[in-house]
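Listed below are the residues making up each chain.
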Amino acid sequence: MSGYFRELGAVATWDTNLARSVVLLEVAKEFADKFSGDPASLPLICSACPGWICYAEKTQTQEVLDHISVVRSPQQVMGALVKGLWASAVGKDPLKVFHVTIMPCFDKKLEASRTQFADELTQTKDVDCVITAMEVDQMMSEESRELRTVSPVALSELLSSGELTSHEGSSAGGYADFVLRYMASSVYNSELTDLHWKTLRNADLQEASLTVGGEEVVKVCRAYGFRNLQNIVQKVKRGKSAYHYVEVMACPGGCLNGGAQLRPDSGQSSKELLGVLQEHYSTLPVVPPMQDVGALTALKQLKLTQPKFTHTDYKIVEKNVTALGIKW
């Protein structure tokens, strides 16, 4: 994939793992601060899924929005890193950098277009264009190309390790897993060696916890798909949530099953394709965020000039009411 986009004129290519390390570190810190200083504001709900954010802003109250993490998604953090760090490091004018991301999700296009993710003075976007996995497949099909015929090119090293990597936990980002591991090591001075996920009503609803001295101190949840997501939200609104942190994704199965992901081959089910993708993802080298030197360095450097580059906010989207929609 890197080689293909280099052929098309890209001057640098990265995965988003360094940006996700930055996001995980920021999310864990945000959670720890709320856990110790404002426990009534919990649960903290993951903000990485734009489908969930669109749904929340259009249908939920400010009370629910206040539970959502203010940390940007890896896509948007990567945009800030590319234009805020990489551009200056290689002598490029950020205004002349066109940053493209490849995502398995149509809603990532909406996320990139949010006004919060553009420079206030120049209105230059952190992410200029989002191409989905389906669109990449279409591009190659129109050229009668296949990835196996493309000469491989290593990832650029300035904002990545030069190879594809991943994080521990779910293939949707490992947010809940890292919150538990961070709390264990940084708050309770213990080591979480055996993290057990319990499946609840379905495979897309799971919970896990951190136990210290025989006491359950932090409980987290993964909730994928809108049915599970809506049930979680209802409990939050009633003050009945049993969790301190919730990793939510709008798509069943998480990001590997995104709405713009490649479709299954003939004779292959979506579930089978998801299983194959999860297996491939699990074989990637794991980089623990707290040991990700590149992420720690980038986070420190960019915060010197852009202290809030990892943060955003959410607002209720007012419904447009027209005369045609009114029952007289």
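Everything below is about the structure printed above this text.
### Examining the overall build of the protein
Broken down by element type, the protein carries 11 helices and seven strands. C-alpha atoms of the protein, sized along the principal axes, occupy 65 × 55 × 50 Å. When the 328 residues of the protein are sorted by exposure, 47% land in the buried category. Sequence separation of 24 or more characterises 72% of the internal contacts of the protein that already satisfy a separation of 6 or more. Accessible surface for the protein amounts to roughly 17200 Å². Of this, 53% is attributable to carbon and sulfur atoms. Side chains of the protein give 33 positive and 38 negative charges; the mean places of these two sets differ by 6 Å.

### Description of the layout of surface pockets
Space left empty within the atom packing is revealed by a probe, the size of a water molecule, rolled over the atoms. Each pocket or cavity is described by its volume, and for the second largest pocket that value is around 490 Å³. Residue lining of the second largest pocket: 21 residues in total, with Ala 118, Asp 119, Glu 120, Asp 126 and Gln 306 positioned closest to the centre. Among the residues making up the lining of the second largest pocket, the classes are represented as six nonpolar, seven polar and eight charged.

### Remarks on the environment of Lys 235
When you line up the elements, Lys 235 lands in helix 9 (residues 226-237). Here the alpha-carbon distance between Lys 235 and Gly 214, two residues 21 residues apart in the chain, equals 27 Å. Setting aside residues no more than four positions away along its own chain, Lys 235 makes contact with Lys 240 and Ser 241.

### So, the packing of helix 2 (residues 17-37) against helix 8 (residues 175-187)
At a minimum axis distance of 9 Å, the contact between helix 2 and helix 8 shows a crossing angle of 60°. Relative to helix 8, helix 2 is oriented oblique. Our pair here, helix 2 against helix 8, has a crossing hand that is right-handed. Contact residues: Arg 20, Val 23, Leu 24, Leu 25, Val 27, Ala 28, Lys 29, Phe 31, Ala 32 and Phe 35 in helix 2; Tyr 175, Phe 178, Val 179, Tyr 182, Met 183 and Val 187 in helix 8. Partitioned by chemical class, the residues of the contact of helix 2 with helix 8 number 14 nonpolar, no polar and two charged.

### Thoughts on the nonpolar core
Membership of the largest hydrophobic core comes to 74 residues, with the highest contact counts inside it found for Phe 31, Trp 52, Leu 81, Val 218, Val 220 and Tyr 245. With 11 residues, the single largest contributor to this core is helix 2. In contact with Val 220, not counting residues within four places along its chain, are Ala 176, Val 179, Leu 180, Trp 197, Gln 206, Glu 207, Ala 208, Tyr 243 and Tyr 245. One finds Tyr 4, Phe 5, Ile 131 and Val 136 within the second-largest nonpolar core, a separate group that totals six residues.

### Thoughts on the sheet that holds strand 7 (residues 245-249)
Pairing in this open sheet of five strands is mixed, and the strands run 1-7-6-5-4 from one edge to the other. At either margin of the open sheet sits one strand with a lone partner, and together these are strand 1 (44-45) and strand 4 (198-199). Of the strands in this sheet, strand 1, strand 5 (205-212), strand 6 (215-224) and strand 7 are in contact with helix 9, which crosses strand 6 at around 135°.

### Digging into the packing of helix 3 (residues 50-59) against helix 9
The angle between the axes and the distance between the axes are what describe a pair of packed helices. Following both chains from N to C, one finds helix 3 and helix 9 inclined at 45°, their axes separated by 12 Å at the closest point. By the angle between their axes, helix 3 is oblique relative to helix 9. Here the hand of the crossing between helix 3 and helix 9 comes out right-handed. Along its contact with helix 3, which presents Gly 51, Trp 52 and Tyr 55, the element helix 9 presents Phe 226, Leu 229, Gln 230 and Val 233.

### Focus: the pairing of strand 2 (residues 100-103)
Only one face of strand 2 is buried: it carries Thr 101 and Met 103, and the other face, with Val 100 and Ile 102, is open. In this structure, strand 2 lies alongside strand 3 (residues 129-132), joined through four bridges in parallel fashion. Residue pairing across strands places Val 100 opposite Cys 129, the latter belonging to strand 3. Note that the unit made of strand 2, helix 6 (residues 107-112) and strand 3 has a crossover that is right-handed.

### Quick notes on the pattern of salt bridges
Scanning all chains against the criterion turns up 12 salt bridges. Note that Asp 126 is salt-bridged to Arg 72, the shortest N-O span being 3.0 Å. Here Asp 126 is found in the loop between helix 6 and strand 3, whereas its partner Arg 72 is found in the loop between helix 4 (62-65) and helix 5 (74-89), with 54 residues between them in sequence. Grouping residues by exposure puts Asp 126 and Arg 72 together as buried. As a salt-bridge pair, Arg 181 and Glu 168 come within 3.6 Å of each other at their nearest N and O atoms.

Basis of the calculations
Residues numbered from 1 in each chain as written. Predicted model: local features only at pLDDT ≥ 70, side-chain atom pairs only at ≥ 80, totals over all residues. Heavy atoms only, no water. Helix = DSSP H or I, 4+ residues; strand = E, 2+ residues; numbered from the N terminus. Buried < 20%, exposed > 50% of the residue type's maximum accessible area, 1.4 Å probe, protein only. Contact = heavy atoms within 4.5 Å. Areas by Shrake-Rupley, 256 points an atom, 1.4 Å probe, with all protein chains shown as cover. Lys, Arg positive; Asp, Glu negative; His and termini not counted. Charge placed at Lys NZ, Arg CZ, Asp CG, Glu CD. 1 Å grid on protein atoms, 1.4 Å probe; cavity = no way out; pocket = protein on both sides within 12 Å on 5 of 7 lines; lining within 4 Å. Points joined across faces, edges and corners; volume = space filled by probe spheres on them. Nonpolar A, V, L, I, M, F, W, Y, C, P; charged D, E, K, R; others polar. Axes fitted to C-alpha atoms, helices over the stretch in contact; angles between N-to-C directions. Parallel < 35°, antiparallel > 145°, perpendicular 65-115°, else oblique. Left-handed = near helix turned anticlockwise from the far one by under 90°. Core = buried A, V, L, I, M, F, W, Y, C linked by side-chain atoms within 4.5 Å. Pairing = 2+ DSSP bridges. Right-handed = clockwise from strand over helix to strand, strands pointing away. Salt bridge = Lys/Arg side-chain N within 4 Å of Asp/Glu carboxyl O.

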